[in-house]
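# Structural description and commentary
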Amino acid sequence: MSPAPKTRHQIIVGEIYLNARGFEAAGGGLALASPIDVVLSDDTVLQPDVIYICQARRHIIGDCVSGPPDLVIEVLSEGHERRDTVEKLALYARFGVPEYWIIDPRTETIQFLILDSGRYVHHTGLDNQYQSPRLSEVRIDLAQFWREIRRRLP
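Everything in this summary refers to the structure shown in the same document. Values in this document were obtained by computation on a predicted structure and should not be read as measured data.

What follows concerns the packing of aromatic side chains. Summed over all chains, the structure comprises eight aromatic pairs. Between Trp101 and Tyr130 the ring centres are 5.6 Å apart and the planes differ by 90 degrees, which places this aromatic pair in the edge-to-face class. Placement of the pair is Trp101 in strand S7 (residues 99-104) and Tyr130 in strand S10 (residues 129-131), with a sequence separation of 29 residues. Taking relative accessible area as the criterion, Trp101 reaches 0% and is therefore assigned buried. Consider the rings of Phe145 and Trp146, whose centres lie 5.0 Å apart with planes at 80 degrees: the pair is edge-to-face. The exposure class of Phe145 is buried, given its relative accessible area of 2%. Trp146 sits in the buried class, given a relative accessible area of 7%. Through a chain of ring-to-ring contacts, the aromatic side chains of Phe23, Tyr52, Trp101, Phe112 and Tyr130 assemble into a single cluster.

What counts and what doesn't
Residues numbered from 1 in each chain as written. Predicted model: local features only at pLDDT ≥ 70, side-chain atom pairs only at ≥ 80, totals over all residues. Heavy atoms only, no water. Phe/Tyr/Trp six-rings, centres within 6.5 Å; stacked < 30°, edge-to-face > 60°. Helix = DSSP H or I, 4+ residues; strand = E, 2+ residues; numbered from the N terminus. Buried < 20%, exposed > 50% of the residue type's maximum accessible area, 1.4 Å probe, protein only.

Printed below as a string of structure tokens:
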């Protein structure tokens, strides 16, 4: 059995999930935190840390999520970075996940990746703010996010 995620990882997952609940309130979609099965094909089932599905695509939600979420968020775990930055990145692109965020706890950074012609391209925020180019309700204040993470750490 794999060891449980570390405290910092879980604090970040919780805080990004709270932000995603804000997307819900603004746009009528649904945010879910792991564990939740995301079924991309008969032989590809993943459990991202946090997902967001916009209101227009809520029909993919049942006992599991059947199809690509609009946004997948993964928090890197020490020793398992390759899984999220290479293997899952390739799978999410292959199965058409439109937006993928990779959060690095060590560097306190978030890579905002937008699917474009089957490949992810990096997007950046302005003045510590990120606004999704695809979903108007998806935005995050990065300075506030990392301040809250540091405040909650033991």
